[in-house]
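Read off the chains here:
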Amino acid sequence: MLCAGLGVQGMMWATSPACTELETHVLDWLVDMLGLPEAFSSRSTGGGVIQDSASSATLCALLAARERTTALHSDRHGCRGNLTAFASEQAHSSVEKAVRVAGLGRDNLRRIETDSSFAMRPDLLERAIERDLRDGKDPCFVCATLGTTSSLAFDDLRAIGAICGRYSLWLHVDAALAGAAFLCPELRPFQEGLELAQSYCFNPHKWLLTNFDCDCFYVQQREPLLQALSILPEYLRNKASESGEVFDYRDWQIPLGRRFRALKLWFVLRSYGIQGLQRHIRDHVALARELASWIDASTELEILAPARLNLVCFAHRNGDSFSRRLLEDLNRSGELYLTHTVLGDRFALRFCVGQTFTERRHVQSAFEHILKAARRLEADGPC
Ligand SMILES: Cc1ncc(COP(=O)(O)O)c(C=O)c1O
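Undergrad: Help me get a handle on the overall build of the chain, residues and values and all.
TA: If you tally the helices and strands in the chain, you get twelve helices and eleven strands. In terms of overall dimensions, the chain has a C-alpha envelope of 75 × 55 × 35 Å along the principal axes. For the chain, the proportion of its 383 residues judged to be buried stands at 55%. About 17100 Å² of surface is accessible on the chain, with carbon and sulfur atoms providing 50% of the total. Here the chain holds 43 positive side-chain charges and 47 negative ones, and the gap between their average locations is 2 Å.

Undergrad: Requested: an account of the nonpolar core, with residues and values cited.
TA: Counting 66 residues, the largest nonpolar core has L30, L125, V142, Y200, F202, Y218 and L309 as its most contacted members. Here this core takes eight residues from helix α2 (residues 17-34), the largest share from any one element. L309 has contacts with L152, F154, A178, A181, L187, F190, W207, H284, V285 and A288, leaving out every residue within four places of it along the chain. Formed by 33 residues, the second largest nonpolar core is a distinct cluster that contains L59, C60, L62 and C140.

Undergrad: Give me the lowdown on the sheet that holds strand β9 (residues 311-316), citing residues and values where you can.
TA: Adjacent strands of a sheet form backbone hydrogen bonds with each other and so pair up, either parallel or antiparallel. With antiparallel pairing, four strands are arranged side by side in an open sheet as β8-β9-β11-β10. Each having just a single partner strand, β8 (301-303) and β10 (339-343) make up the two edges of the open sheet. Pairs of neighbouring strands in the sheet enclose a mean axial angle of 40°, with direction left out of account. Judged from the three bridges that link them, β8 and β9 form a sheet pairing that is antiparallel. Opposite E302, over in β9, you have A315 as the bridge partner. Relative to the sheet, helix α10 (residues 262-297) contacts β8, β9 and β11 (346-352), its axis offset from that of β9 by approximately 15°. Strands β8, β9, β10 and β11 of the sheet are contacted by helix α11 (residues 320-333), whose axis makes an angle of about 30° with β11.

Undergrad: Just give me the short version of the sheet that holds strand β6 (residues 199-202), but keep the residues and values in it.
TA: If you walk across this open sheet you meet the seven strands as β1-β7-β6-β5-β4-β2-β3, and the pairing is mixed. The open sheet terminates on both sides in strands that have one partner only, identified here as β1 (47-51) and β3 (109-112). Across the sheet, the mean angle from the axis of one strand to that of its neighbour is 20°, orientation sign disregarded. Bridge count for strand β4 (residues 138-145) against strand β5 (residues 170-174) is five bridges, and the pairing is parallel. From the neighbouring strand, A144 faces β5, where its bridge partner is V173. Across the sheet, helix α4 (residues 93-101) is in contact with β2 (83-88), β3 and β4; its angle to β3 comes to roughly 165°.

Undergrad: Residues and numbers for the site of the ligand, please.
TA: As a matter of local geometry, the ligand sits amid S53, A54, S55, H92, S94, G147, T149, D174, A176, N203, H205 and K206. With respect to the ligand, the side chain of S55 contributes an N or O atom lying 2.5 Å from an oxygen atom. In this structure, D174 approaches the ligand through a side-chain N or O atom, which is 2.5 Å from a nitrogen atom. Protein burial of the ligand: of its 400 Å² of free accessible surface, 84% is covered by the chains. Elements represented by at least two residues in the shell around the ligand include exactly α3 (54-72) and α7 (204-207). Here the residues of the shell around the ligand sort into two nonpolar, eight polar and two charged.

Undergrad: An account of the environment of S41 is needed here, citing residue identities and associated values.
TA: The residue S41 is located in the loop between α2 and β1 in this model. Look at S41 and you get buried, because its relative accessible area is 0%. Separated by 178 residues in the primary sequence, S41 and V219 have C-alpha atoms spaced 8.4 Å apart. Setting aside its immediate chain neighbours within four residues, S41 contacts D28, V31, G46 and G47. Of the polar contacts made by the side chain of S41, one reaches the backbone nitrogen of R43; its length is 3.1 Å.

Undergrad: Give me the lowdown on the pairing of β1, citing residues and values where you can.
TA: Burial within β1 is extensive, with five of its five residues counted as buried. In β1, alternate side chains face the same way, and those of G47, V49 and Q51 on one face and G48 and I50 on the other are all buried. Where β1 and strand β7 (residues 215-219) come together, five bridges link them in antiparallel fashion. Across the sheet, G48 pairs through a bridge with Y218, a residue of β7.

Undergrad: Give me the lowdown on helix α12 (residues 360-380), citing residues and values where you can.
TA: Its 21 residues place the ends of α12 30 Å apart at the C-alpha level, agreeing with the 30 Å of an ideal helix rising 1.5 Å per residue. Taken as a whole, α12 has its buried residues at V363, A366, F367, I370, L371, A373, A374 and L377. Across the axial projection of α12, the buried residues extend over an arc of 160°, all falling on one side. For α12, exposure combined with an orientation more than 90 degrees from the buried face picks out R361, K372, A379 and D380. Packing partners of the buried residues in α12 comprise α10, β8, β9, α11 and β11. Of the residues trailing α12, G381 is marked for its positive phi of about 80°.

Undergrad: Account for the state of the cysteines, with residues named and values stated.
TA: Between two cysteines, a covalent bond joining their sulfur atoms is known as a disulfide. Going through the model one piece at a time under the given rule, you end up with zero disulfides. Here C164 is not disulfide-linked; the sulfur of C143 is the nearest cysteine sulfur, at 10 Å. Given the relative accessible area of 2%, C164 is considered buried. Considering cysteine sulfurs only, C143 is the nearest to C201, which forms no disulfide, with 7.5 Å between them.

Parameters and conventions
Residues numbered from 1 in each chain as written. Predicted model: local features only at pLDDT ≥ 70, side-chain atom pairs only at ≥ 80, totals over all residues. Heavy atoms only, no water. Helix = DSSP H or I, 4+ residues; strand = E, 2+ residues; numbered from the N terminus. Buried < 20%, exposed > 50% of the residue type's maximum accessible area, 1.4 Å probe, protein only. Areas by Shrake-Rupley, 256 points an atom, 1.4 Å probe, with all protein chains shown as cover. Lys, Arg positive; Asp, Glu negative; His and termini not counted. Charge placed at Lys NZ, Arg CZ, Asp CG, Glu CD. Core = buried A, V, L, I, M, F, W, Y, C linked by side-chain atoms within 4.5 Å. Contact = heavy atoms within 4.5 Å. Pairing = 2+ DSSP bridges. Axes fitted to C-alpha atoms, helices over the stretch in contact; angles between N-to-C directions. Near = heavy atom within 4 Å. Polar contact = N/O pair within 3.5 Å; in protein donor to acceptor, adjacent residues only side chain to side chain. Nonpolar A, V, L, I, M, F, W, Y, C, P; charged D, E, K, R; others polar. Expected span 1.5 Å × (residues − 1). Arc of directions from axis to C-beta. Disulfide = S-S within 2.5 Å.

Quick look at the structure:
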(Lines give C-alpha, C1' and ligand atoms only; values in the text may rest on other atoms or scores of the structure.)
Protein backbone atom coordinates (compact mmCIF):
# COMPACT_ATOMS: atom_id res chain seq x y z
CA MET A 1 0.00 0.00 0.00
CA LEU A 2 2.79 2.36 0.94
CA CYS A 3 4.70 1.56 -2.24
CA ALA A 4 1.65 2.24 -4.35
CA GLY A 5 1.36 5.61 -2.63
CA LEU A 6 4.94 6.50 -3.49
CA GLY A 7 4.08 6.37 -7.16
CA VAL A 8 1.11 7.89 -8.89
CA GLN A 9 -1.61 6.16 -6.88
CA GLY A 10 -2.18 8.84 -4.25
CA MET A 11 -4.85 10.48 -6.33
CA MET A 12 -7.63 9.66 -3.91
CA TRP A 13 -8.14 8.34 -0.40
CA ALA A 14 -9.32 4.90 -1.55
CA THR A 15 -6.14 4.15 -3.51
CA SER A 16 -3.78 5.03 -0.67
CA PRO A 17 -5.49 5.82 2.63
CA ALA A 18 -2.25 5.76 4.63
CA CYS A 19 -0.64 8.36 2.38
CA THR A 20 -3.64 10.64 2.61
CA GLU A 21 -4.04 10.28 6.36
CA LEU A 22 -0.34 10.89 6.99
CA GLU A 23 -0.42 14.03 4.85
CA THR A 24 -3.42 15.40 6.72
CA HIS A 25 -1.79 14.54 10.03
CA VAL A 26 1.56 16.15 9.21
CA LEU A 27 -0.12 19.30 7.91
CA ASP A 28 -2.21 19.53 11.08
CA TRP A 29 0.96 19.18 13.15
CA LEU A 30 2.39 22.14 11.26
CA VAL A 31 -0.70 24.24 12.00
CA ASP A 32 0.10 23.78 15.69
CA MET A 33 3.88 24.09 15.33
CA LEU A 34 3.69 27.31 13.27
CA GLY A 35 0.91 28.95 15.26
CA LEU A 36 -1.35 29.06 12.18
CA PRO A 37 -5.05 29.86 12.61
CA GLU A 38 -7.04 26.81 13.69
CA ALA A 39 -9.33 27.20 10.66
CA PHE A 40 -6.41 25.98 8.50
CA SER A 41 -6.50 22.56 10.16
CA SER A 42 -8.49 19.56 8.95
CA ARG A 43 -10.23 19.56 12.34
CA SER A 44 -11.99 22.70 11.19
CA THR A 45 -13.55 24.02 7.97
CA GLY A 46 -10.26 24.11 6.10
CA GLY A 47 -7.17 21.98 5.81
CA GLY A 48 -3.78 21.61 4.22
CA VAL A 49 -2.40 19.80 1.22
CA ILE A 50 1.13 19.39 -0.11
CA GLN A 51 1.75 20.93 -3.53
CA ASP A 52 4.94 20.75 -5.53
CA SER A 53 5.65 24.48 -5.31
CA ALA A 54 4.43 27.86 -4.11
CA SER A 55 3.60 28.71 -7.73
CA SER A 56 1.07 25.85 -7.82
CA ALA A 57 -0.38 26.89 -4.46
CA THR A 58 -0.90 30.46 -5.66
CA LEU A 59 -2.51 29.21 -8.85
CA CYS A 60 -4.90 26.94 -6.92
CA ALA A 61 -5.80 29.82 -4.60
CA LEU A 62 -6.49 32.07 -7.56
CA LEU A 63 -8.63 29.39 -9.25
CA ALA A 64 -10.69 29.03 -6.07
CA ALA A 65 -11.08 32.82 -5.87
CA ARG A 66 -12.04 33.01 -9.55
CA GLU A 67 -14.65 30.28 -9.20
CA ARG A 68 -16.04 31.83 -6.03
CA THR A 69 -16.47 35.20 -7.73
CA THR A 70 -17.98 33.87 -10.96
CA ALA A 71 -20.30 31.56 -8.99
CA LEU A 72 -21.62 34.62 -7.15
CA HIS A 73 -22.85 35.85 -10.52
CA SER A 74 -24.02 32.31 -11.51
CA ASP A 75 -21.52 32.62 -14.36
CA ARG A 76 -20.21 29.26 -15.61
CA HIS A 77 -18.59 30.63 -18.71
CA GLY A 78 -15.18 31.32 -17.20
CA CYS A 79 -13.30 34.60 -17.41
CA ARG A 80 -14.67 37.38 -19.54
CA GLY A 81 -11.81 39.79 -18.99
CA ASN A 82 -13.48 41.46 -16.02
CA LEU A 83 -11.82 39.85 -13.02
CA THR A 84 -8.87 41.64 -11.46
CA ALA A 85 -6.14 40.55 -9.05
CA PHE A 86 -3.76 42.54 -6.84
CA ALA A 87 -0.24 42.02 -5.53
CA SER A 88 2.62 44.31 -4.61
CA GLU A 89 5.25 45.21 -7.14
CA GLN A 90 7.62 43.12 -5.00
CA ALA A 91 5.44 39.98 -5.16
CA HIS A 92 6.95 36.92 -6.80
CA SER A 93 6.62 36.45 -10.56
CA SER A 94 4.54 33.31 -9.91
CA VAL A 95 1.58 35.60 -9.13
CA GLU A 96 1.69 37.00 -12.65
CA LYS A 97 2.09 33.49 -14.02
CA ALA A 98 -0.99 32.35 -12.07
CA VAL A 99 -2.98 35.30 -13.40
CA ARG A 100 -2.03 34.36 -16.94
CA VAL A 101 -2.68 30.62 -16.50
CA ALA A 102 -6.02 31.25 -14.79
CA GLY A 103 -7.08 33.29 -17.80
CA LEU A 104 -7.57 36.63 -16.06
CA GLY A 105 -5.27 38.30 -18.55
CA ARG A 106 -1.98 39.86 -17.54
CA ASP A 107 -3.37 43.40 -17.78
CA ASN A 108 -5.80 42.51 -15.02
CA LEU A 109 -3.05 42.12 -12.43
CA ARG A 110 -2.63 45.36 -10.48
CA ARG A 111 0.90 45.76 -9.13
CA ILE A 112 0.60 47.89 -5.99
CA GLU A 113 3.45 50.21 -5.02
CA THR A 114 5.46 49.49 -1.90
CA ASP A 115 6.69 51.64 0.99
CA SER A 116 10.26 52.32 2.06
CA SER A 117 10.54 48.82 3.59
CA PHE A 118 9.29 47.28 0.29
CA ALA A 119 5.94 46.21 1.79
CA MET A 120 2.65 46.71 -0.06
CA ARG A 121 0.94 50.03 0.62
CA PRO A 122 -2.58 49.16 1.85
CA ASP A 123 -3.88 52.66 1.05
CA LEU A 124 -2.89 52.22 -2.60
CA LEU A 125 -4.40 48.72 -2.66
CA GLU A 126 -7.74 50.11 -1.54
CA ARG A 127 -7.52 52.92 -4.07
CA ALA A 128 -6.86 50.41 -6.88
CA ILE A 129 -9.82 48.26 -5.81
CA GLU A 130 -12.09 51.32 -5.73
CA ARG A 131 -10.87 52.38 -9.18
CA ASP A 132 -11.66 48.93 -10.59
CA LEU A 133 -15.13 48.94 -9.07
CA ARG A 134 -15.83 52.35 -10.56
CA ASP A 135 -14.65 51.03 -13.95
CA GLY A 136 -17.06 48.08 -13.78
CA LYS A 137 -14.31 45.52 -13.08
CA ASP A 138 -14.71 42.60 -10.69
CA PRO A 139 -11.84 42.54 -8.13
CA CYS A 140 -11.48 38.98 -6.81
CA PHE A 141 -8.01 38.15 -5.48
CA VAL A 142 -5.19 39.71 -3.46
CA CYS A 143 -1.83 38.02 -2.92
CA ALA A 144 0.11 39.36 0.06
CA THR A 145 3.67 38.27 0.72
CA LEU A 146 5.38 37.41 3.97
CA GLY A 147 9.03 37.59 3.02
CA THR A 148 9.35 38.88 -0.54
CA THR A 149 11.91 37.25 -2.79
CA SER A 150 13.99 40.37 -3.32
CA SER A 151 14.40 41.58 0.25
CA LEU A 152 12.18 39.52 2.62
CA ALA A 153 9.73 42.38 3.10
CA PHE A 154 6.54 41.66 5.03
CA ASP A 155 3.17 42.94 3.88
CA ASP A 156 0.83 44.15 6.62
CA LEU A 157 -1.76 41.37 6.81
CA ARG A 158 -3.98 43.17 9.31
CA ALA A 159 -4.46 46.18 7.07
CA ILE A 160 -4.66 44.19 3.83
CA GLY A 161 -6.96 41.58 5.38
CA ALA A 162 -9.35 44.29 6.60
CA ILE A 163 -9.55 45.71 3.07
CA CYS A 164 -10.14 42.25 1.56
CA GLY A 165 -12.89 41.69 4.12
CA ARG A 166 -14.58 44.99 3.24
CA TYR A 167 -14.66 44.16 -0.48
CA SER A 168 -15.09 40.36 -0.15
CA LEU A 169 -11.83 39.58 -1.92
CA TRP A 170 -9.91 36.33 -1.52
CA LEU A 171 -6.66 36.95 0.37
CA HIS A 172 -3.85 34.51 -0.36
CA VAL A 173 -0.62 34.79 1.63
CA ASP A 174 2.65 33.67 0.06
CA ALA A 175 5.29 32.91 2.70
CA ALA A 176 7.34 30.59 0.49
CA LEU A 177 10.64 31.10 2.28
CA ALA A 178 9.78 32.99 5.47
CA GLY A 179 6.99 30.65 6.61
CA ALA A 180 9.50 28.25 8.19
CA ALA A 181 10.57 31.02 10.59
CA PHE A 182 7.21 30.95 12.34
CA LEU A 183 8.24 27.79 14.15
CA CYS A 184 9.85 30.31 16.50
CA PRO A 185 7.20 32.14 18.56
CA GLU A 186 9.33 35.30 18.78
CA LEU A 187 9.18 35.64 14.96
CA ARG A 188 5.40 35.23 14.72
CA PRO A 189 4.58 38.94 14.92
CA PHE A 190 5.45 38.94 11.20
CA GLN A 191 2.40 36.75 10.47
CA GLU A 192 -0.07 38.75 12.56
CA GLY A 193 -3.40 39.01 10.81
CA LEU A 194 -3.05 35.65 9.04
CA GLU A 195 -6.50 34.66 10.33
CA LEU A 196 -7.88 37.17 7.80
CA ALA A 197 -6.47 35.14 4.88
CA GLN A 198 -8.44 32.57 2.91
CA SER A 199 -5.30 30.67 1.95
CA TYR A 200 -1.63 30.42 2.83
CA CYS A 201 1.46 28.64 1.62
CA PHE A 202 5.09 28.09 2.56
CA ASN A 203 7.83 25.81 1.23
CA PRO A 204 9.55 23.43 3.65
CA HIS A 205 11.93 22.74 0.76
CA LYS A 206 13.27 26.28 1.04
CA TRP A 207 14.26 26.63 4.69
CA LEU A 208 12.97 23.63 6.60
CA LEU A 209 15.57 20.99 5.77
CA THR A 210 13.19 19.14 3.44
CA ASN A 211 14.18 17.84 0.02
CA PHE A 212 12.69 19.51 -3.02
CA ASP A 213 9.76 19.55 -3.75
CA CYS A 214 7.38 20.36 -0.92
CA ASP A 215 4.97 23.26 -0.51
CA CYS A 216 2.35 23.29 2.26
CA PHE A 217 -0.85 24.93 1.07
CA TYR A 218 -3.67 25.73 3.50
CA VAL A 219 -7.21 26.98 3.08
CA GLN A 220 -9.61 28.28 5.72
CA GLN A 221 -12.58 26.82 3.82
CA ARG A 222 -12.29 23.61 1.82
CA GLU A 223 -15.48 24.20 -0.15
CA PRO A 224 -14.43 26.94 -2.61
CA LEU A 225 -11.23 25.04 -3.46
CA LEU A 226 -13.13 21.81 -4.04
CA GLN A 227 -15.73 23.57 -6.12
CA ALA A 228 -12.98 24.93 -8.34
CA LEU A 229 -10.98 21.73 -8.74
CA SER A 230 -13.11 18.65 -8.13
CA ILE A 231 -14.47 16.60 -10.97
CA LEU A 232 -15.88 13.09 -10.53
CA PRO A 233 -15.90 10.97 -13.68
CA GLU A 234 -17.47 7.52 -13.44
CA TYR A 235 -14.15 5.67 -13.31
CA LEU A 236 -13.13 7.47 -10.12
CA ARG A 237 -16.34 6.86 -8.21
CA ASN A 238 -15.90 4.87 -5.00
CA LYS A 239 -17.65 4.37 -1.68
CA ALA A 240 -15.07 6.25 0.41
CA SER A 241 -15.33 9.39 -1.72
CA GLU A 242 -19.10 9.23 -1.77
CA SER A 243 -19.24 8.92 2.02
CA GLY A 244 -17.95 12.51 2.29
CA GLU A 245 -15.83 11.33 5.23
CA VAL A 246 -12.42 11.39 3.54
CA PHE A 247 -10.13 13.83 1.73
CA ASP A 248 -9.42 13.12 -1.92
CA TYR A 249 -6.38 15.27 -2.46
CA ARG A 250 -6.77 15.07 -6.24
CA ASP A 251 -9.50 17.70 -5.68
CA TRP A 252 -7.08 20.05 -3.92
CA GLN A 253 -4.58 20.36 -6.77
CA ILE A 254 -4.38 20.51 -10.55
CA PRO A 255 -3.05 17.05 -11.51
CA LEU A 256 -4.96 13.89 -10.66
CA GLY A 257 -1.99 11.71 -9.65
CA ARG A 258 0.29 12.84 -6.89
CA ARG A 259 3.48 11.96 -5.05
CA PHE A 260 3.72 10.86 -1.43
CA ARG A 261 5.57 13.96 -0.23
CA ALA A 262 4.25 13.79 3.33
CA LEU A 263 6.64 10.98 4.24
CA LYS A 264 9.80 13.05 3.84
CA LEU A 265 8.23 15.89 5.79
CA TRP A 266 7.23 13.43 8.53
CA PHE A 267 10.86 12.26 8.71
CA VAL A 268 12.13 15.85 8.98
CA LEU A 269 9.70 16.74 11.76
CA ARG A 270 10.31 13.50 13.66
CA SER A 271 14.08 13.47 13.34
CA TYR A 272 14.86 17.12 14.16
CA GLY A 273 11.89 17.74 16.44
CA ILE A 274 10.48 21.20 17.06
CA GLN A 275 13.48 22.31 19.10
CA GLY A 276 15.98 21.11 16.50
CA LEU A 277 14.15 22.98 13.75
CA GLN A 278 13.84 26.11 15.89
CA ARG A 279 17.59 25.99 16.55
CA HIS A 280 18.25 25.75 12.81
CA ILE A 281 16.09 28.85 12.13
CA ARG A 282 17.40 30.85 15.09
CA ASP A 283 21.02 30.15 14.17
CA HIS A 284 20.49 31.40 10.62
CA VAL A 285 18.60 34.51 11.74
CA ALA A 286 21.31 35.33 14.29
CA LEU A 287 24.07 34.86 11.69
CA ALA A 288 22.31 37.07 9.14
CA ARG A 289 21.68 39.78 11.73
CA GLU A 290 25.30 39.67 12.82
CA LEU A 291 26.46 39.96 9.21
CA ALA A 292 24.11 42.93 8.77
CA SER A 293 25.65 44.61 11.82
CA TRP A 294 29.19 44.14 10.42
CA ILE A 295 28.11 45.58 7.07
CA ASP A 296 26.42 48.48 8.82
CA ALA A 297 29.58 49.23 10.77
CA SER A 298 31.85 49.13 7.72
CA THR A 299 32.81 52.31 5.89
CA GLU A 300 32.56 50.68 2.44
CA LEU A 301 29.21 48.87 2.52
CA GLU A 302 25.64 49.76 3.45
CA ILE A 303 22.43 47.85 4.20
CA LEU A 304 19.62 48.48 1.70
CA ALA A 305 16.69 46.70 3.37
CA PRO A 306 15.89 45.64 6.94
CA ALA A 307 17.63 42.29 7.61
CA ARG A 308 14.84 40.64 9.56
CA LEU A 309 15.43 36.96 8.95
CA ASN A 310 18.15 35.19 6.99
CA LEU A 311 18.64 37.57 4.06
CA VAL A 312 20.96 40.57 3.95
CA CYS A 313 20.67 43.03 1.06
CA PHE A 314 23.57 45.44 0.77
CA ALA A 315 25.50 47.61 -1.65
CA HIS A 316 28.84 49.36 -1.95
CA ARG A 317 28.69 53.04 -1.01
CA ASN A 318 30.46 53.92 -4.28
CA GLY A 319 27.22 53.29 -6.19
CA ASP A 320 25.57 50.80 -8.53
CA SER A 321 28.30 50.22 -11.07
CA PHE A 322 30.83 49.59 -8.30
CA SER A 323 28.40 47.16 -6.62
CA ARG A 324 27.97 45.32 -9.93
CA ARG A 325 31.74 45.02 -10.30
CA LEU A 326 31.99 43.75 -6.74
CA LEU A 327 29.33 41.09 -7.37
CA GLU A 328 31.06 39.90 -10.54
CA ASP A 329 34.39 39.75 -8.77
CA LEU A 330 32.99 37.80 -5.81
CA ASN A 331 31.14 35.28 -7.93
CA ARG A 332 34.16 34.76 -10.17
CA SER A 333 36.33 34.01 -7.13
CA GLY A 334 34.60 30.69 -6.44
CA GLU A 335 34.75 31.50 -2.70
CA LEU A 336 31.09 32.43 -2.43
CA TYR A 337 28.12 33.04 -4.68
CA LEU A 338 25.77 35.98 -4.15
CA THR A 339 22.64 36.82 -6.08
CA HIS A 340 21.42 40.34 -6.73
CA THR A 341 18.27 42.42 -7.01
CA VAL A 342 17.17 46.01 -7.51
CA LEU A 343 15.59 47.76 -4.51
CA GLY A 344 14.03 51.10 -5.28
CA ASP A 345 16.55 52.34 -7.80
CA ARG A 346 19.57 50.70 -6.13
CA PHE A 347 21.46 47.62 -7.25
CA ALA A 348 21.72 45.26 -4.26
CA LEU A 349 23.81 42.18 -3.47
CA ARG A 350 21.92 39.45 -1.62
CA PHE A 351 23.49 37.23 1.03
CA CYS A 352 21.18 34.46 2.20
CA VAL A 353 22.04 32.23 5.16
CA GLY A 354 20.16 29.04 4.42
CA GLN A 355 22.60 26.21 4.00
CA THR A 356 22.20 23.41 6.54
CA PHE A 357 25.83 23.41 7.68
CA THR A 358 26.55 27.15 7.64
CA GLU A 359 28.34 28.29 10.79
CA ARG A 360 29.53 31.64 12.14
CA ARG A 361 33.09 31.10 10.85
CA HIS A 362 31.74 30.68 7.28
CA VAL A 363 29.78 33.93 7.44
CA GLN A 364 32.72 35.73 9.02
CA SER A 365 35.15 34.56 6.34
CA ALA A 366 32.64 35.47 3.61
CA PHE A 367 32.36 38.97 5.05
CA GLU A 368 36.15 39.33 5.18
CA HIS A 369 36.34 38.14 1.59
CA ILE A 370 33.73 40.72 0.52
CA LEU A 371 35.62 43.54 2.27
CA LYS A 372 38.95 42.45 0.81
CA ALA A 373 37.49 42.32 -2.70
CA ALA A 374 35.86 45.75 -2.25
CA ARG A 375 39.16 47.28 -1.08
CA ARG A 376 41.12 45.68 -3.93
CA LEU A 377 38.63 46.97 -6.53
CA GLU A 378 38.77 50.43 -4.99
CA ALA A 379 42.56 50.39 -5.16
CA ASP A 380 42.32 49.32 -8.84
CA GLY A 381 40.39 52.54 -9.51
CA PRO A 382 37.58 52.99 -12.03
CA CYS A 383 37.45 50.31 -14.73
C1 LIG B 1 8.06 34.73 -2.05
C2 LIG B 1 8.14 33.63 -3.08
N3 LIG B 1 7.01 33.14 -3.61
C4 LIG B 1 7.03 32.17 -4.54
C5 LIG B 1 8.22 31.63 -4.98
C6 LIG B 1 8.18 30.54 -6.00
O7 LIG B 1 8.39 29.34 -5.37
P8 LIG B 1 8.28 27.95 -6.13
O9 LIG B 1 9.60 27.75 -6.80
O10 LIG B 1 8.05 26.98 -5.02
O11 LIG B 1 7.16 28.01 -7.09
C12 LIG B 1 9.42 32.10 -4.46
C13 LIG B 1 10.69 31.55 -4.94
O14 LIG B 1 11.76 31.99 -4.72
C15 LIG B 1 9.39 33.12 -3.48
O16 LIG B 1 10.52 33.62 -2.93
